[in-house]
Amino acid sequence: MTEPLQHLVQNNRLDHFFIDGTWTPALGGERLGVTNPATEQVIAHIAMGGVADVDAAVTAARDAFSSWSLTKPGHRADLLEKLRIALEKRCELLAQCLTLEMGAAIGYARSAQVPLAIAHVATAREVLLSFPFIKQRGHTAIAYEPIGVCALITPWNWPLYQITAKVAPALAAGCTVVLKPSELAPLSALLFAEAIVEAGFPAGVFNLVNGDGPVVGQRMAAHPDVDMVSITGSTRAGVLVAQAAAPTVKRVAQELGGKSPNIILPDADLDRAVPLGIAAAFRNLGQSCSAPTRMIVPWALLSKVEDAALKAVADIVVGDPLSPATTHGAMANRTQFDRVQTMIKVGIDEGAKLVTGGAGRFGELETGLFVKPTIFSEVRADMDIAKEEIFGPVLCIIPYDSVEEAIAIANDTVYGLGAHVQGKDMALVKHVASRIRSGQVHLNYPAWDPHAPFGGFKQSGNGREYGVEGMTEYLEVKSVLGYFNE
């Protein structure tokens, strides 16, 4: 038994939820197997929550809100720092856990999945310490107050990262939370709850209930004592949550699907732009909602882009996620593996040029959800592989004749989450960026910025995460006239 599993079993976590400051047995008897995607073997069974479990967690969060919402920002900041330290202590345990439950290569889990998740906690603390909860506007005070009990629904592709991206700013704002992690990758959330305990957060401030969307997610979204629900997931799931939340008129924040463009301008340095574009599109095996999986390139440079892309893919090592030599592990679950296989076949049937990859498992592997990094070229914007979110290591190279056409192709999508622009003429790069309808645009592959707000236009959702804007999602605005005497 691996160390993360041994730890969870020995501490009797798999059959429990974390409610009102204690590890609480599930009220029902339903269990769900957790599968290691690299072996396709069930490695654990977790308790699945029901309506009564959600109700107990919401009651605990509601009871705790009255006191937690009144705590000083400095006190909350101190607890967030203790949480950061507690997570740092668990870095290796968390990395191994992510590798087991969703197939991330151990090197990527150690270098990205875990440290970037912890960075969200540090960022929330930084924002909290400098945030003006009362602003003066003439004789009126503009006050920012915690919205209340927040239901947080997180996905399987970045399990820990999305937990901290929601929980940390919500707690910083003075809200109490009920978390439902993905039932497909729930183990790291249990380790996160242990870090919450070690940090010393009061009972009821953080609660965790495992379960599925139709039961636990639905009840959380519809619950009359929940003031806000934040979901990261598919657009379909976001719609269902919004519908469930509508009768109680609660705030809904949605970070949903994407089909992000990467415009390669005519003057771009292809030796840099293409390999880094492949890396960005295929990070986390393409299981990122903002992955730039549409590379939009000039017709005149198409053959050079294809050659550079082939060279870049040759450096990818797909295999055992626990091997330090592996750069890309297994797809997170069978449903997503099958989805990627289907869409690769769709691309071939649509007549796109298959540059590399294709259907079937990678190499000679006979078990495990290992896919071939796949690149299609000469893709038309009206093809299904150019329109639908595949959520795997599948890149579409779409040629264009003019920069105006490139912008039109980039915007020809129902999504608007992320985008990239590459070029040497920064005036043109910035102009193109200003024309793209997307919540976040990256120019020439900048460093990741945890303070840069992240969220979508159109069917990619609403609301923002990260930085100041990420915390204000969890705050209400109150104006108090006559507060200041002049």
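Residues numbered from 1 in each chain as written. Predicted model: local features only at pLDDT ≥ 70, side-chain atom pairs only at ≥ 80, totals over all residues. Heavy atoms only, no water.

A. Quick peek at the overall build of the protein. The helix and strand inventory of the protein stands at 16 helices and 20 strands. Relative to the compact-globule value of 23 Å for 486 residues, the protein shows a C-alpha radius of gyration of 23 Å, a close match. Buried residues in the protein amount to 57% of all 486 residues. Considering only intrachain contacts with a sequence separation of at least 6, the fraction spanning at least 24 residues in the protein is 72%. (Helix = DSSP H or I, 4+ residues; strand = E, 2+ residues; numbered from the N terminus. Rg over C-alpha atoms; globule rule 2.2 N^0.38 Å. Buried < 20%, exposed > 50% of the residue type's maximum accessible area, 1.4 Å probe, protein only. Contact = heavy atoms within 4.5 Å.)

B. Representation of the packing of aromatic side chains within the structure. Per the counting criterion, the structure on display carries 13 aromatic pairs. On the numbers, 5.3 Å between centres and 10 degrees between planes, the contact of Phe454 with Tyr466 is stacked. Of this pair, Phe454 sits in the loop between strand S18 (440–443) and strand S19 (461–462) while Tyr466 sits in the loop between S19 and helix H16 (467–472); the two residues are 12 residues apart in sequence, bridging distant segments of the chain. The residues Phe454 and Tyr466 share a single accessibility class, namely buried. Each ring, one from Tyr483 and one from Phe484, has its centre 4.8 Å from the other, and the planes form 70 degrees; the classification is edge-to-face. Chaining the aromatic ring pairs together yields one cluster made of Tyr108, Trp158, Tyr161, Trp448, Phe454 and Tyr466. (Phe/Tyr/Trp six-rings, centres within 6.5 Å; stacked < 30°, edge-to-face > 60°.)

C. Here's a closer look at the sheet that holds strand S6 (residues 140–146). Ordered by their spatial adjacency, 3 strands build an open sheet running S5-S6-S20, and the pairing between neighbours is antiparallel. Pairing within the sheet leaves two strands with one partner each, and these edge strands are strand S5 (134–137) and strand S20 (475–480). Ignoring strand direction, the axes of neighbouring strands in this sheet form an average angle of 25 degrees. Relative to S20, S6 runs antiparallel, the two being bridged by 6 bridges. When the bridges of S20 are listed, Ala141 appears paired with Val480. (Pairing = 2+ DSSP bridges. Axes fitted to C-alpha atoms, helices over the stretch in contact; angles between N-to-C directions.)

D. Structural view of the sheet that holds strand S14 (residues 353–356). The 7 strands are arranged S14-S15-S16-S13-S12-S17-S18 in an open sheet whose pairing can be described as mixed. Here the strands that pair on one side only, and so sit at the sheet edges, are S14 and S18. The mean angle between the axes of side-by-side strands here comes to 20 degrees, regardless of whether they run parallel or antiparallel. One ladder, built from 3 bridges, connects strand S12 (residues 261–264) with strand S17 (residues 418–422); its direction is parallel.

E. Expanded view of the pairing of strand S2 (residues 22–25). Both strand S1 (residues 16–19) and S2 contribute to a ladder of 4 bridges, which runs antiparallel. Paired with Phe18 across the two strands is Trp23, which belongs to S2. Linking S1 to S2, which pair antiparallel, is a turn of 2 residues; within it Asp20 sits at a positive phi near 55 degrees.

F. Representation of the nonpolar core in the model. Within the largest apolar cluster, 81 residues are counted, with the highest numbers of intra-cluster contacts made by Leu80, Leu83, Phe192, Phe201 and Phe206. Top contributing element to this core by residue count: helix H6 (residues 159–173), with 10 residues. Among residues more than four places away in sequence, those in contact with Leu83 are Val121, Phe192, Ala195, Ile196, Ala199 and Phe201. With 57 residues, the next largest nonpolar core counts Ala38, Met343, Phe376 and Val394 among its residues. (Core = buried A, V, L, I, M, F, W, Y, C linked by side-chain atoms within 4.5 Å.)

G. Local environment of a nonpolar patch on the surface. Residues Ile134, Val480 and Tyr483 make up a contiguous nonpolar surface patch of about 260 Å² in total accessible area. As for its position among the elements, Ile134 is in strand S5. (Patch = residues over 30% accessible without salt bridge, like charges linked within 9 Å, V, L, I, M, F, W, Y side chains within 5 Å. Areas by Shrake-Rupley, 256 points an atom, 1.4 Å probe, with all protein chains shown as cover. Salt bridge = Lys/Arg side-chain N within 4 Å of Asp/Glu carboxyl O.)

H. Up close: unusual backbone geometry. A positive phi angle, near 55 degrees, is found at Asn284, a position not held by glycine. With respect to the secondary-structure elements, Asn284 resides in the loop between helix H10 (270–282) and strand S13 (294–298). Exposure remark for Asn284: the relative accessible area of 7% places this residue in the buried category. Here the phi dihedral of Glu378 falls at roughly 55 degrees; this positive angle occurs in a residue that is not glycine. Examined against the element boundaries, Glu378 turns out to sit in the loop between strand S15 (374–377) and helix H13 (384–387).

I. View of helix H8 (residues 213–222). Within the span of H8, buried status applies to Val216, Gly217, Met220 and Ala221. Buried residues of H8 fall within an arc of 125 degrees about the axis and therefore sit on the same side. Where the residues of H8 are buried, they touch helix H2 (51–68), strand S7 (149–153), strand S8 (176–180) and helix H9 (235–245). The N-capping residue of H8, defined by a side-chain oxygen 3.0 Å from the backbone nitrogen of Val215, is Asp212. (Arc of directions from axis to C-beta. Polar contact = N/O pair within 3.5 Å; in protein donor to acceptor, adjacent residues only side chain to side chain.)

J. Focus on the pattern of salt bridges. Here the structure, examined in full by the defined rule, presents 21 salt bridges. Between Glu476 and Arg251 there is a salt bridge; the shortest N-O distance is 3.2 Å. Of this pair, Glu476 sits in strand S20 while Arg251 sits in strand S11 (residues 251–255), and the two are 225 residues apart along the sequence. Residue Glu476 is classed as partly exposed on the basis of its relative accessible area of 38%. For the salt bridge of Asp384 with Lys387, the shortest nitrogen-to-oxygen distance reads 4.0 Å. On the criterion of helical spacing, the pair formed by Asp384 and Lys387 is a turn pair, its members being 3 residues apart in helix H13. Exposure remark for Asp384: the relative accessible area of 29% places this residue in the partly exposed category.

K. Local environment of the side chain of Asn284. A polar contact is formed between the side chain of Asn284 and the backbone oxygen of Asn157, at a distance of 3.0 Å. Those residues in contact with Asn284 that sit more than four places away from it in its chain are Met102, Tyr108, Gln113, Asn157 and Trp158.

L. Here's a closer look at the packing of H10 against helix H11 (residues 302–313). H11 packs onto H10 with a crossing angle of 55 degrees between their chain directions and a minimal axis gap of 9 Å. With respect to their mutual orientation, H10 and H11 come out oblique. Here H10 runs over H11; the crossing is right-handed. Residues Leu270, Val274, Pro275, Ile278 and Phe282 of H10 touch H11, and the partners they reach there are Lys304, Val305, Ala308, Ala309, Ala312 and Val313. Among the residues forming the contact of H10 with H11, the class breakdown is 10 nonpolar, no polar and 1 charged. (Parallel < 35°, antiparallel > 145°, perpendicular 65-115°, else oblique. Left-handed = near helix turned anticlockwise from the far one by under 90°. Nonpolar A, V, L, I, M, F, W, Y, C, P; charged D, E, K, R; others polar.)

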